[in-house]
Amino acid sequence: MATKAPKVNIYVWEGLDRKGASVKGETSGASIALIKAQLRKQGISPQKVRKRPVSLFSKGKKIKPLDIALFTRQMATMMRAGVPLLQSFDIIGEGNENPNMRKLVDEIKQEVAAGNSFASSLRKKPQYFDDLYCNLVDAGEQAGALETLLDRVATYKEKTEALKAKLKKAMTYPIAVVVVAIIVTGILLIKVVPQFQSVFSSFGAKLPAFTLMVMGLSEVVQEWWYVILGAMLAAVFAFKRAMKQSEKFRNGIDRVLLKITIVGPILYKSAVARYARTLSTTFSAGVPLVEALTSVAGATGNVVFRNAVNSIKADVSSGTQLNVSMRTTGAFPSLAIQMTAIGEESGALDEMLDKVASFYEAEVDNMVDSLTSLMEPIIMSVLGVLVGGLVIAMYLPIFQLGNAV
């Protein structure tokens, strides 16, 4: 039975080097005594060693997928340079600015130091390392080519996160502007319109229909703003809860998103890119095609493609060629199918899939940039109509009064 690994902390130290110069730094370890012993081995005479205080803000800093991608790239670089595995953990952990990431690296190091394999140590952290990641690392350890597999995993993670960032950029910008437009409109209806309404009450003249409509809307918002705000927050909460708990609801949203103009093609091509990138990475690592498709199904990010990949897996298991199965599903573009066919005929399936992934990633990149450029004038027009309409509605009676005079 394996003993429990000691708790690792970050210690701040000050000391003198062999030349008597003052030096200081941070080192991870299980106790102050071990830190002092480690420093003496490095030729440093420790004077002060204390546990580093944890900042209230840094403690809550979450580990993001980009942190895992950077960790993977650093591990690949260390292994390729011939640095021992345990020493690589020390170097990466001490150089990371995220305390939670340092803690994660130290925990993995302790697991490996206790005699566990790198892959099995990663499997104990499923919230950070998925099955695909762990399987590829396991394949690298068994084949004696861990540095090569880590490099491929790092490239896969970097490409995947870059693609996610592009999609997030495409979705976040218009949503943020719409939220700002709603807030500005609400402020105008609650604070500005009532000021004009008190002025118009002294006119004693019939107000334009447009002005009356805006004033009526203002009265409704003033009286029921908390209900409206509560309904909007409740709708957002209900949507997030449904997305988290209802698979049927998530699948329905996935299908609807693919049919939305402009946004749909971006999501479609990004799903194709993820499919090709994941399959290329796993297949080039020596994972059998049927087994690789199991990992690919969960990596596509859309139920339409997940079902398509599961169908492909069943067909390939019965001896059907990959490109034929892809064509049968009707979910993949002809370019991806043709490139897959060429790869199967030439024996370079992983290379062809990599080119497919790069092509569609570039397509998503261009479409997101085009969407951003297109959305800017559209959003400005919407804001102009909302704010300008309210301003015109309020000044229209003044203009009519001026014409009467």
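What you see is a predicted model, and the numbers here were worked out from it, not measured in a lab. (Residues numbered from 1 in each chain as written. Predicted model: local features only at pLDDT ≥ 70, side-chain atom pairs only at ≥ 80, totals over all residues. Heavy atoms only, no water.)

Focus on the overall build of the protein chain
Point 1. When its secondary structure is counted, the protein chain shows 16 helices and three strands.
Point 2. Rg of the C-alpha trace for the protein chain: 30 Å, well past the compact-globule value of 22 Å for 405 residues, more than 25% over.
Point 3. Based on the C-alpha atoms only, the size of the protein chain along its principal axes is roughly 95 × 70 × 40 Å.
Point 4. Accessible surface for the protein chain amounts to roughly 22800 Å². Of this, 61% is attributable to carbon and sulfur atoms.
Point 5. Taken together, the 47 basic and 34 acidic charged side chains of the protein chain have centroids lying 8 Å from each other. (Helix = DSSP H or I, 4+ residues; strand = E, 2+ residues; numbered from the N terminus. Rg over C-alpha atoms; globule rule 2.2 N^0.38 Å. Areas by Shrake-Rupley, 256 points an atom, 1.4 Å probe, with all protein chains shown as cover. Lys, Arg positive; Asp, Glu negative; His and termini not counted. Charge placed at Lys NZ, Arg CZ, Asp CG, Glu CD.)

Structural notes on helix H13 (residues 303-317)
Point 1. For H13, spanning 15 residues, the distance from its first C-alpha to its last is 21 Å, which sits close to the expected 21 Å at 1.5 Å a residue.
Point 2. For H13, the complete set of buried residues consists of Val303, Phe305, Ala308, Val309, Ile312 and Val316.
Point 3. The secondary structure elements touched by the buried residues of H13 are helix H10 (247-259), helix H11 (263-284), helix H12 (289-299) and helix H14 (322-329).
Point 4. The N-cap of H13, judged by a side-chain oxygen 2.9 Å from the amide nitrogen of Val304 a few residues on, is Asn302.
Point 5. Gly319 sits one or two residues past H13 and shows a positive phi near 105 degrees. (Expected span 1.5 Å × (residues − 1). Buried < 20%, exposed > 50% of the residue type's maximum accessible area, 1.4 Å probe, protein only. Contact = heavy atoms within 4.5 Å. Polar contact = N/O pair within 3.5 Å; in protein donor to acceptor, adjacent residues only side chain to side chain.)

Some remarks on the side chain of Ser218
Point 1. Looking at the element boundaries, Ser218 is found in helix H9 (residues 209-245).
Point 2. We classify Ser218 as buried; its relative accessible area is 0%.
Point 3. Excluding residues that lie within four positions of it along the chain, Ser218 makes contacts with Leu189, Val193 and Pro194.

Some remarks on the nonpolar core
Point 1. Core analysis: the largest hydrophobic core is formed by 74 residues, its most contacted members being Phe71, Phe118 and Tyr275.
Point 2. Top contributing element to this core by residue count: helix H16 (residues 349-404), with 11 residues.
Point 3. When near neighbours in sequence (up to four residues on either side) are disregarded, Tyr275 contacts Val296, Thr300, Val309, Ile312, Leu322, Met326 and Phe332.
Point 4. Core analysis: the next-biggest nonpolar cluster, separate from the first, contains 12 residues, Leu188, Val193, Phe200 and Met394 among them. (Core = buried A, V, L, I, M, F, W, Y, C linked by side-chain atoms within 4.5 Å.)

Quick notes on a nonpolar patch on the surface
Point 1. Residues Val178, Ile182, Ile190, Val220, Trp224, Trp225, Tyr226, Val227, Ile228, Leu229, Met232 and Leu233 make up a contiguous nonpolar surface patch of roughly 1100 Å² in combined accessible area.
Point 2. Contributing elements (two or more residues each) for the nonpolar patch: helix H8 (146-200) and H9.
Point 3. Considering every element that reaches the nonpolar patch, the biggest residue donor is H9, with nine residues. (Patch = residues over 30% accessible without salt bridge, like charges linked within 9 Å, V, L, I, M, F, W, Y side chains within 5 Å. Salt bridge = Lys/Arg side-chain N within 4 Å of Asp/Glu carboxyl O.)

What about empty space enclosed by the protein?
To find leftover empty space, a probe the size of one water molecule is rolled over the atoms.
Point 1. Under the defined criterion, the tally for this structure stands at one cavity of 30 Å³ or more.
Point 2. Of the volumes computed, that of the largest cavity is approximately 50 Å³.
Point 3. Lining the largest cavity are Leu132, Asn135, Leu136, Thr282, Val287, Glu291, Ala292 and Ser295.
Point 4. Elements with a minimum of two residues in the lining of the largest cavity: helix H7 (131-143) and H12.
Point 5. Grouping the constituent residues of the lining of the largest cavity by class yields four nonpolar, three polar and one charged. (1 Å grid on protein atoms, 1.4 Å probe; cavity = no way out; pocket = protein on both sides within 12 Å on 5 of 7 lines; lining within 4 Å. Points joined across faces, edges and corners; volume = space filled by probe spheres on them. Nonpolar A, V, L, I, M, F, W, Y, C, P; charged D, E, K, R; others polar.)

Details of the layout of surface pockets
Point 1. Approximately 1200 Å³ is the volume found for the largest pocket.
Point 2. As for the largest pocket, its lining consists of 27 residues, of which Lys164, Leu167, Lys168, Met171 and Leu267 are closest to the centre.
Point 3. Taken together, the elements giving at least two residues each to the lining of the largest pocket come down to helix H3 (65-80), H8, H9, H10, H11 and H16.
Point 4. Element by element, the count of residues in the lining of the largest pocket is highest for H8, at nine residues.
Point 5. Looking at the lining of the largest pocket residue by residue, the class counts come to 17 nonpolar, three polar and seven charged.

Here we look at the confidence of the model for the protein chain
Point 1. For the protein chain, the mean per-residue pLDDT works out to 81, and 92% of the residues sit at or above 70.
Point 2. Low confidence marks residues 1-5, where pLDDT is under 50. Its contacts with residues over four positions away, or in another chain, come to one contact. (pLDDT = per-residue confidence, 0-100.)

Observations regarding the pattern of salt bridges
Point 1. Scanning the model with the defined rule gives nine salt bridges in all.
Point 2. The shortest N-O distance in the salt bridge between Glu111 and Lys124 comes to 2.8 Å. Of this pair, Glu111 sits in helix H5 (residues 99-113) while Lys124 sits in the loop between helix H6 (118-123) and H7, placing them 13 residues apart in sequence.
Point 3. In this structure, Glu361 and Arg277 form a salt bridge, with 2.9 Å as the shortest nitrogen-oxygen distance. Residue Glu361 is located in helix H16, and its partner Arg277 is located in helix H11; the two are separated by 84 residues in the primary sequence.

Section: the packing of aromatic side chains
Point 1. This model, assessed by the stated rule, comprises nine aromatic pairs.
Point 2. Ring centres of Trp225 and Tyr226 lie 6.0 Å apart, and the angle between their planes is 85 degrees; on these two criteria the pair is classed as edge-to-face.
Point 3. Feature note: the residues Tyr268, Tyr275, Phe305 and Phe332 constitute an aromatic cluster, connected by ring pairs. (Phe/Tyr/Trp six-rings, centres within 6.5 Å; stacked < 30°, edge-to-face > 60°.)

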